[in-house]
Amino acid sequence: MSDQNPTAPRPASSSSTVAGEGVIPEFAPAPEGQHRRYAVAGTGHRAGMYVDAILGEHADVATLVALLDTNPGRMAHYEAVASEALGHAADLPQYAPDGLEKMIAEQSVDVVVVTAPDHAHAELVARVLAAGADVVVEKPLTIDRPGCRRITGAVAETGRDVVMTFNYRYAPRNSSLRQVIASGEIGQVTSVHFEWVLDTVHGADYFRRWHRDKKNSGGLLVHKSSHHFDLVNWWLGDVPSRVYARGGLKFYGDRNAADRGLGARPARGTGVVGDPFTLDLTNDPRLKSLYLDAEEHDGYLRDQDVFGPGITIEDNLSLLVDYRRGATLTYSLNAHSPWEGYRVSVNGTAGRAELEVVERGAIALDDEGNALLDPSATPTSLGDALRPEGERLLVQKHWERAAEYPIPDGIGGHGGGDAILLKDVFRRHLRVSEDALGRPAGYLDGLRAVSVGIAANQSLVTGLPVMIADLDLGASLEADL
Ligand SMILES: NC(=O)c1ccc[n+]([C@@H]2O[C@H](COP(=O)([O-])OP(=O)(O)OC[C@H]3O[C@@H](n4cnc5c(N)ncnc54)[C@H](O)[C@@H]3O)[C@@H](O)[C@H]2O)c1
C-alpha cells in the first residue's frame, strides 16, 4: 500500500532484511459474519487508505456503510471507488457534517473514521462518542487546548473507545529503535536529538492548502510534528513536562518571496509548466478527481502558490523539551530542505543509538523544470551515491565499536507503517498476543503528542518556556503510564 499522496516520498528500502520479532503482529482468523460497521468522516486524500482497507484486505471484518463530508464531489469519488471494488453500485449513504448523529443512528454505525481537517477533529470526535459510536482518528488528535478539553470530556462522559492512528510507530525502523531503548542496551536515556527535514515537494505541500492557516492545522508543530513528538514519548515511555520553542516563516510566503525578489507568481499550480514549486492537479488522476473536479462545490484550492499571501504557519522550528524523568529533547523541523528524511540520536548512560533515514535523497527535475516525484521511474534518476535512500540504526555501547541493529522489511507506505497499523486498527480484537512494543495508541497518546505542539505554539508567542501542566488539557498525561 502506498501513501497515495504523490508529493510524499516513496518508503525507503531497508538496508538489512532480518525478520524482526514482534514487529509484524499475528492475528487469529476472523470468525464468519462478524463485521463492524464503519463510516468515514472527511473523504479527502487520507480517507483513501481506510476506504481501500475496508473494501480490500479487511473486508472480512469491516463494512463501509456511509460517508460524511462537506463536499459531495469528494464523496462521489469514494462512491465510485467502492463501486469499482465491489463490482456493483455501492450506493453508500452520504451525509453533511450536521447529519452526523442521524448517520450513526440510521446506518447503525459502530465506528467513525475521522479523516477531516485537523481543526474539525475535536467536534467530530466528541459528537461521535456522544452519539454512541467509537472513533478511529487521524493525527493530530486536535489542534488546541479547547479541542483537547472537548475530547477528554467526551471520553470521560461516554467511556467509549478512541483509537489514534500513529502510523509512524509501526514503521519497522521506528519500532526497532523502541526495541533498542526498551531493552536497556544503551542504559537510561539522558537526552534525544531529533532533526526532521521535509523537502521542497512534500514540505511545500503544507503551504498549498488548509494547513497553511494556523487556525486549521495548529501549524506544523501540531499537524506534522505530533507524529514526531509521539515517537519520542513512546520511545522513552515518558511524558513531556516543559517546552521552549523558537521559529518562524522564513522561506515560503509572500513576504519572503518579495525579499528574495521572486517577482509575480501564478496564484495556483495547475496549468503551470517549469516551476518546481507548483503542483499541477491534472498530472494525477486521483488529485484531479478529489480536488480539481470538486472545486465547484466549496472552492477548496489544493494547489495554491507556496509564495502567495495568507500563510500563517512556520517553516523553520527549533524546540527544547524536558521530560518528566529527566531526559531532554532537542528537536528541529525544516520544511524546505533539498532532501527528505530524519536523524535521531539517543544518548543513554550505557551508550548511544543513532537512526538515520533518507526518504528522498534529492528532487530531480524533468527537461521542462517540473519536479519529478518519482525519479526512479524515469531515466533522469539522480542515483545519489552520497545520499542513498535507505535507513540505518546504529547502536554503540561504551568501550565497544558501533553495531548495526537489524531493521526488518516493512510492508507498504510510511516506511512500512501504514499496512501494519491498519491490521491493528481493524483486527486488534483478533491479536494473538499483546503488542510487546506497545504500538496501539489511544486518545491519551494523542493528547501527549499534541501537548508539545500546543505548548510550543504558546512559547512562540510569549518567547517563554511553557509548563505543559499549566495548559490544563483536561486529563493527566501520566494517567496510564
Ligand atoms: N497519518 C498520516 O500520515 C496522515 C497523512 C495524511 C493526512 N493525515 C491526516 O488526515 C486528515 C485529513 O487529511 P487530508 O490530507 O486527507 O485532507 P483533505 O483536505 O484532503 O481531506 C479532508 C476532507 O474533509 C472534508 N471536511 C472539511 N470539513 C469537514 C467537516 N467539518 N466534517 C467532515 N468533513 C470535512 C473536506 O471536504 C475533505 O474532503 C488530517 O487530519 C491529516 O492530519 C494523516
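Residues numbered from 1 in each chain as written. Predicted model: local features only at pLDDT ≥ 70, side-chain atom pairs only at ≥ 80, totals over all residues.

1. Describing the overall build of the protein
Across its full length, the protein carries 15 helices and 18 strands. Counting only C-alpha atoms and orienting by the principal axes, one finds that the protein spans roughly 65 × 55 × 45 Å. Taken over 481 residues, the protein has a buried fraction of 50%. Looking at the protein alone, contacts between residues at least 24 apart form 78% of all its contacts between residues at least 6 apart. (Helix = DSSP H or I, 4+ residues; strand = E, 2+ residues; numbered from the N terminus. Buried ≥ 20, exposed ≤ 12 C-beta atoms within 10 Å, placed from the backbone. Contact = placed C-beta atoms within 7 Å.)

2. A few points about the sheet that holds strand β4 (residues 111-114)
Strands sit in the order β3-β2-β1-β4-β5-β6-β17 across an open sheet of seven strands; the sheet is mixed. Both outer strands of the open sheet, β3 (94-95) and β17 (441-442), are each paired with one neighbouring strand and no more. Two strands pair when backbone bridges link them, and strand β1 (residues 36-41) and strand β2 (residues 62-68) are joined in this way by six bridges, in the parallel orientation. Residue R36 lies in a different strand from β2, and its bridge partner there is A62. (Pairing = 2+ DSSP bridges.)

3. Things to note about the UniProt feature "domain: Gfo/Idh/MocA-like oxidoreductase C-terminal" (unreviewed entry) in the protein
The positions UniProt marks with the feature "domain: Gfo/Idh/MocA-like oxidoreductase C-terminal" (unreviewed entry) are residues 179-357. In the segment residues 179-357, helix accounts for 22% and strand for 30%; the C-alpha atoms at its two ends are 17 Å apart. (UniProt positions renumbered as here; feature names shortened; annotations may be inferred.)

4. Things to note about the pairing of β4
The two faces of β4 match: V111 and V113 on one face and V112 and V114 on the other face are all buried. As defined by bridge partners, β1 adjoins β4 across four bridges and the pair is classed as parallel. Across the sheet, A41 pairs through a bridge with V114, a residue of β4. The pairing of β4 with strand β5 (residues 134-138) spans four bridges and is classified as parallel. Across the sheet, residue V113 finds its bridge partner in β5, namely V136. Once you follow β4 into helix α4 (residues 121-130) and on to β5, the crossover reads as right-handed. (Right-handed = clockwise from strand over helix to strand, strands pointing away.)

5. Examining the packing of helix α7 (residues 172-182) against helix α10 (residues 225-236)
Where α7 meets α10, the axes come as close as 9 Å, and the angle between the chain directions of the two elements is 30 degrees. When the axis of α7 is compared with that of α10, the two are roughly parallel. For α7 against α10, the interelement crossing comes out right-handed. Facing α7, whose interface residues are N174, L177, R178 and I181, α10 presents L231, W234, W235 and L236. A breakdown of the residues in the contact of α7 with α10 according to their chemical character gives six nonpolar, one polar and one charged. (Axes fitted to C-alpha atoms, helices over the stretch in contact; angles between N-to-C directions. Parallel < 35°, antiparallel > 145°, perpendicular 65-115°, else oblique. Left-handed = near helix turned anticlockwise from the far one by under 90°. Nonpolar A, V, L, I, M, F, W, Y, C, P; charged D, E, K, R; others polar.)

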